[in-house]
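The lines below spell out each chain.
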Amino acid sequence: MNKLDETLDDVQNTRFSNIYHDLIKQMVKTTQFNEIEVQSILLVYHKFVLMNGPKAKMMSNAQFHHLFLVLFKIYDLQIIQRILSLITTNAKKDINPIAWVKLFSVFMSNKLEEKIKFTFQIYNATNTGYLNREAVTLGVSKFFMGDDEDEVNELRADMLEVLFKKFDIDRDGAISYEEYAVVVKKNPMLLEFLGQCFPNVDGMTVIAYCTNIMSKIQFAKSDIDEK
């Protein structure tokens, strides 16, 4: 493997190659990234791991949260925690390299269906398969803040009704995945209707540069493939 990062010495470069060689091949087959892109994504991951000490093997929960807050500019801690729960299985919620690459694969995907599935899973914290009024109310409550409690509550109530009118197609008082998908496929701008789950366009460009994902430098949400 060629040395990809001059900030790593030869020992660390060799260690990186030994640890991730097989995983790189695997991820090339299961994601949209080419080999250089997977290597670059994992190099960033490897540097996070190195910061945790010589015996560390995974990126920490704290590092993950810091990344979202500072670089991705996603500030909703509940959404960050839901994303973490979706991509991890261990009790500590440390992030393994497979989860790391898959997260970038979803973030960088041009497939709207994949983004719809991921976002609905984030919003559906109870894993019921639908969003009830309580779940939507929780999301809406974060959109309106102010000193006038009555006005804020009125705005929240109005928004709640607007969203259910838009998404609850069968009027049963709940938004199913199928209903959500139908609406978002018609209007992709409604993908994150209960809170930001993906870095914005500027953030995606920075991420693409940082991880050397050259095929995604021009990424924009308007470029999402709706097929």
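Please read these numbers as outputs of a predicted model, since none were measured by experiment. (Residues numbered from 1 in each chain as written. Predicted model: local features only at pLDDT ≥ 70, side-chain atom pairs only at ≥ 80, totals over all residues. Heavy atoms only, no water.)

Student: Report on the overall build of the protein, specifying residues and quantitative values.
Tutor: What the protein contains, in helices and strands, is ten helices and two strands. The proportion of buried residues among the 227 residues of the protein is 45%. Taking as baseline every contact in the protein between residues at least 6 positions apart, the subset at least 24 positions apart corresponds to 61%. A total accessible area of about 12,400 Å² is found for the protein, and carbon and sulfur atoms account for 55% of it. (Helix = DSSP H or I, 4+ residues; strand = E, 2+ residues; numbered from the N terminus. Buried < 20%, exposed > 50% of the residue type's maximum accessible area, 1.4 Å probe, protein only. Contact = heavy atoms within 4.5 Å. Areas by Shrake-Rupley, 256 points an atom, 1.4 Å probe, with all protein chains shown as cover.)

Student: How would you explain unusual backbone geometry if you had to name every residue and give the values?
Tutor: Residues other than glycine seldom take positive phi values, yet N127 does so here, at roughly 55°. Within the secondary structure layout, N127 lies in the loop between α6 (112-123) and β1 (130-131). For R171, which is not glycine, the phi dihedral falls at a positive 55°. Position of R171 among the secondary structure elements: in the loop between α8 (149-167) and β2 (175-176). For R171, a relative accessible area of 52% gives the class exposed.

Student: Any chance you could break down a negative patch on the surface for me, citing the residues and the numbers?
Tutor: Residues D147, D148, E149, D150, E151, E154 and D158 make up a contiguous surface patch of negative charge. Here E154 shows up in helix α8. (Patch = residues over 30% accessible without salt bridge, like charges linked within 9 Å, V, L, I, M, F, W, Y side chains within 5 Å. Salt bridge = Lys/Arg side-chain N within 4 Å of Asp/Glu carboxyl O. Lys, Arg positive; Asp, Glu negative; His and termini not counted. Charge placed at Lys NZ, Arg CZ, Asp CG, Glu CD.)

Student: Residues and numbers for helix α2 (residues 35-50), please.
Tutor: If you check α2, its first and last C-alpha atoms are 22 Å apart, about what 16 residues at 1.5 Å a residue would give, namely 22 Å. Those residues of α2 lying buried are E37, V38, Q39, S40, I41, L42, L43, Y45, H46, F48 and V49. Packing partners of the buried residues in α2 comprise α1 (10-30), α3 (61-72) and α5 (97-107). Its side-chain oxygen at 3.2 Å from the backbone nitrogen of I36, N34 defines the N-terminal cap of α2. (Expected span 1.5 Å × (residues − 1). Polar contact = N/O pair within 3.5 Å; in protein donor to acceptor, adjacent residues only side chain to side chain.)

Student: Tell me what's going on with the environment of F167, and back it up with residues and numbers.
Tutor: Along the chain, F167 falls in helix α8. Owing to a relative accessible area of 0%, F167 belongs among the buried residues under this scheme. Every residue in contact with F167, bar those within four places of it in the chain, is listed here: I175, E179, Y180, V183, V184, L190 and F193.

Student: Report on the UniProt feature "domain: EF-hand" (unreviewed entry) in the protein, specifying residues and quantitative values.
Tutor: Here, UniProt's "domain: EF-hand" (unreviewed entry) annotation points to residues 155-190. Along residues 155-190 one finds 64% helix and 6% strand; the C-alpha atoms at either end are 19 Å apart. (UniProt positions renumbered as here; feature names shortened; annotations may be inferred.)

Student: How would you summarise α6 if you had to cite specific residues and measurements?
Tutor: An α-helical turn contains 3.6 residues, so a residue and the one three or four places further along point in the same direction. Under the 1.5 Å per step criterion, the end-to-end length of α6 is 16 Å for twelve residues, consistent within 8% with the ideal 16 Å. Every buried residue of α6 is listed here: L112, K115, I116, F118, T119, F120, I122 and Y123. In this structure, the buried side of α6 is in contact with α4 (77-87), α5, β1, β2 and α9 (177-186).

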